[in-house]
Amino acid sequence: MSKSTVSDFVIDRLIAWDLHRFYGFPGDGIGGFDGALERAESDGKDFSYIRPTHEEIAAFMACAHAKFTGDVGVCIATSGPGAIHMLNGLYDAKMDSQPVVAIVGQQGLVSLGSHAQQEVNLERVFADVAGYVQTVTTGMHAQVVVDRAVRIARAKRCPTVVILPADVQNMDFEEPALTHWVSRSGVGHASTALTPPEEELRRAADVLNAGGKVAMMVGEGARGATDEVIAVAERLGAGIITALLGKDVVPGDLPYHTQQLGLLGSKPSYDMMQDCDTLLMVGSNYPYAEFLPETGQARGVQIDLSSEHLSLRYPMEVNLAGDAKATLTALLPHLTQQQDTSWQEQVIEGMKDWNHVTEKEAMTEADPINPRYVYHLLNKHLPDNAIVTADAGTTADWYGHHIKLGRHMSGNLSGMLASMLAAMPYAVAAKFAHPDRPVVCTIGDGAFQMLGMNELITVKRHWKTWDDPRFIVLVLHNHDLSQVSWEMREVGDPRWDTSQLVEDMDYAGYADLLGLRGIRVDKPDQVADAWETAFSADRPVVLDVHTDPNVPPLPAHISFDEAKGFLATLAKGDPAERAVIRNSLRAVGAELFANAKNALSRDNT
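Residues numbered from 1 in each chain as written. Predicted model: local features only at pLDDT ≥ 70, side-chain atom pairs only at ≥ 80, totals over all residues. Heavy atoms only, no water.

Novice: What is the right way to read the overall build of the chain from this model?
Specialist: Scanning the chain from terminus to terminus reveals 24 helices and 17 strands. In summary, the chain has a C-alpha radius of gyration of 25 Å against a globular reference of 25 Å for 605 residues, a match within 12%. Taken over the C-alpha atoms alone, the chain extends approximately 85 × 65 × 45 Å along its principal axes. Residue burial in the chain is summarised as follows: out of 605 residues, 57% are buried. Within the chain, contacts between residues at least 6 apart in sequence are counted, and of these 75% link residues at least 24 apart. Carbon and sulfur atoms form 51% of the exposed surface of the chain, whose accessible area is close to 24,200 Å². (Helix = DSSP H or I, 4+ residues; strand = E, 2+ residues; numbered from the N terminus. Rg over C-alpha atoms; globule rule 2.2 N^0.38 Å. Buried < 20%, exposed > 50% of the residue type's maximum accessible area, 1.4 Å probe, protein only. Contact = heavy atoms within 4.5 Å. Areas by Shrake-Rupley, 256 points an atom, 1.4 Å probe, with all protein chains shown as cover.)

Structure below.
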């Protein structure tokens, strides 16, 4: 019987940790490990290896795998340039607190420090992004390095990096000996269902019970605690706001769930933060503190498994370090039933008004198609178990404003890093994680041209293995890096065509070329039929929807500085000045009309 190499051991150990899907890209710097993967596949070992078109995509997919499954994601790359390519996806995992283990190659041990080809100081490169990074140096060293990498990634919810020099990859694995310096490690995660002490729970309950206008801010850290979040809101008569990454934690049809807060949030969410007397944050590191209550306005309680997030954005009176589900369960018996429901009813009425506003904005005329209308109809066509991804451009605005995810739906995007192009690898990873569920990727043409188009090749390679073939890519085809164009206008600069215009491309034709289904949509009356066709298709679909780049992603509350910057832009001569003015007036008019209509209907009841 041949001896196991270090690479053979690492693969077996990852499987022993119950990790069975690896996203990787090959190269000679990781060649010994690639050879071991081939042997493992031939031996029928319990894993699948997915090779996307770029190492950056592999790292994004590992992050998305963690988000859509709750498990540790795994990505693999070669040394030097391949390892460096992974940084963007690993920073996405770091900033959104997702557990990912990266396996990367390195030049041989004897070459280190000799300025060898592709030699990069990878421990230094990954020092900022990784919670643990270590080079394996001997056959006996591999066990403790792999075990620590997986355990730390899960416990600290961060990326970790295992570096395998080329010669170490093919060394014989050695069982750790009972000798000085040698650690003998094992497999197994500790439970993170931690709860604070009873005394702290009572203190938190005293604050919450005293509140008459309780606002809850719920983030992705509360995933899995949906019922507990709702039970607490019902007990306190609270309204619920979800952070964008936690959008799917609370059902979209819950009447006092006001969706998101801030530039891509709702007016009821903004009003709730302006008027509340108590703030309960659960599993959220919401970054835009300017939208939270004034200091001293509201008493605060925060629940988070990461103590470093406590009292980070708002000075909380009680900080509870613990798992959201376990802590809310322990807290609930200490909460008294709020008898006065006027606050929650006010939130519900505000959300009804806002729904009229967003629908009216979606129905306003644009040239050729209003992107809001596309998302408005998508929301109506989503199957009960759909997964939706959005990119960091205006797709995030429309996703925040118009998509309401049901209890059995999922949605996600690159959050704190807000990286372009993540929508596509997120969607593909979601499909591999849940091949029986329909997936919708919403992405702008600029992000799609970055690396998103490449991943249609990955889809072409694998889609016939999926239980449900429905994989829909909505490309907002507007020839503009529109989010940045609007950001330019907000600070007082006109759109700069040299940097902003996107080269035209037949995205539907490209899909057809790959044997997928491409649908060109350039008239508003084609949108509904396009969604129906896409969701009934027998193969992946690209919806090439020609939308108006000058539809404004107006925030629910526009600051004086933003308005002043916008007016200054027009005075400087924006290339799309007329369309910007026209569409902005239409959007504002739609909001005013909806508000007036709702006010009249309330007066008549």
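Still more ground to cover, so stick around.
Novice: I tried to follow the sheet that holds strand β8 (residues 239-242) on my own but got confused; where do I start?
Specialist: Either a parallel or an antiparallel arrangement is found when strands of a sheet pair, and the pairing is made through backbone hydrogen bonds. Taking strand neighbours across the sheet as the criterion, the 5 strands line up as β8-β7-β9-β10-β11 in an open arrangement whose pairing is parallel. Strands at the two margins of the open sheet, each flanked by one partner only, are β8 and β11 (318-321). Along the sheet, successive strands turn relative to each other by an average axial angle of 15°, direction set aside. Of the strand pairs in this sheet, strand β7 (residues 214-218) and strand β9 (residues 278-282) are connected by 5 bridges, and their pairing is parallel. Counted as the bridge partner of Met216 is Leu280 from β9. (Pairing = 2+ DSSP bridges. Axes fitted to C-alpha atoms, helices over the stretch in contact; angles between N-to-C directions.)

Novice: Looking at this structure, I do not really get the sheet that holds strand β15 (residues 471-477). What am I missing?
Specialist: Overall, parallel pairing links the 6 strands, which are arranged β13-β12-β14-β15-β17-β16 in an open sheet. What marks the edges here is a single partner per strand, and that holds for β13 (410-412) and β16 (517-521). Strand after strand, the sheet turns through a mean of 15° between neighbouring axes, direction not considered. Seen against the sheet, helix α3 (residues 55-69) touches β12 (387-390) and β13 and runs at an angle of roughly 145° to β13. Helix α14 (residues 371-381) contacts β14 (439-444), β15 and β17 (541-546) of the sheet and is inclined by roughly 165° relative to β15.

Novice: Would you explain the state of the cysteines in this entry?
Specialist: In protein structure, a disulfide is the covalent linkage between the sulfur atoms of two cysteines. Per the stated rule, a full pass over the model turns up 0 disulfides. Here Cys63 is not disulfide-linked; the sulfur of Cys75 is the nearest cysteine sulfur, at 9.5 Å. (Disulfide = S-S within 2.5 Å.)

Novice: What am I meant to see in the packing of aromatic side chains here?
Specialist: The geometry of an aromatic ring pair comes down to the distance between the two centres and the angle between the two planes. Applying the stated criterion across every chain, the model contains 8 aromatic pairs. Between Phe9 and Phe173, the ring centres sit 4.0 Å apart and the planes meet at 5°, which makes this aromatic pair stacked. In this pair, Phe9 is assigned in helix α1 (residues 6-16) and Phe173 in the loop between α8 (166-169) and α9 (198-210), connecting sequence segments 164 residues apart. As far as the burial class goes, Phe9 and Phe173 line up, both buried. Where Phe432 meets Trp466, the ring centres are 5.8 Å apart and the plane angle is 80°; that geometry is what we call edge-to-face. (Phe/Tyr/Trp six-rings, centres within 6.5 Å; stacked < 30°, edge-to-face > 60°.)

Novice: What am I meant to see in the side chain of Asn370 here?
Specialist: Along the chain, Asn370 falls in the loop between α13 (342-363) and α14. Apart from the residues lying within four places of it in its own chain, the contact partners of Asn370 are Glu361, Ala362, Thr364 and Val551.

Novice: Which parts of the structure should I look at to understand the environment of Pro255?
Specialist: Topologically, Pro255 is positioned in the loop between β8 and α11 (267-275). Separated by 172 residues in sequence, Pro255 and Ala427 have C-alpha atoms that sit 28 Å apart.

Novice: What is the right way to read the environment of Lys94 from this model?
Specialist: Mapping Lys94 onto the fold places it in helix α5 (residues 87-95). Through-space distance from the C-alpha of Lys94 to that of Glu56 is 14 Å; in sequence the pair is 38 residues apart. Within the local environment of Lys94, its side chain forms a polar contact with the backbone oxygen of Asp128, the two atoms lying 2.7 Å apart. (Polar contact = N/O pair within 3.5 Å; in protein donor to acceptor, adjacent residues only side chain to side chain.)

Novice: Explain unusual backbone geometry to me, please; I cannot follow it from the model alone.
Specialist: One can expect most non-glycine residues to show negative phi and most peptide bonds to be in trans. Cis peptide bonds are those with omega within 30 degrees of zero, and the linkage from Asp367 to Pro368 qualifies with 0°. One non-glycine residue with positive phi stands out, namely Arg157, at about 50°. Along the chain, Arg157 turns up in the loop between α7 (142-156) and β6 (159-165). Judged by relative accessible area, Arg157 falls into the partly exposed class, the value being 29%. Positive phi is not limited to glycine here, since Trp181 has a value of about 80°. Residue position: Trp181 is located in the loop between α8 and α9. Its relative accessible area of 79% is what places Trp181 among the exposed residues.

Novice: How do you make sense of helix α10 (residues 226-236) when you look at a structure like this?
Specialist: What sets the pattern is the α-helix's 3.6 residues per turn: residues three or four places apart point alike. Turning to α10, its buried residues number three or more, namely Thr226, Glu228, Val229, Ile230, Val232, Ala233 and Leu236. If you follow the buried residues of α10, they end up packed against α9, β7, β8, β9, α12 (324-331) and α13. Positive phi shows up at Gly237, right after α10, with a value of about 65°.

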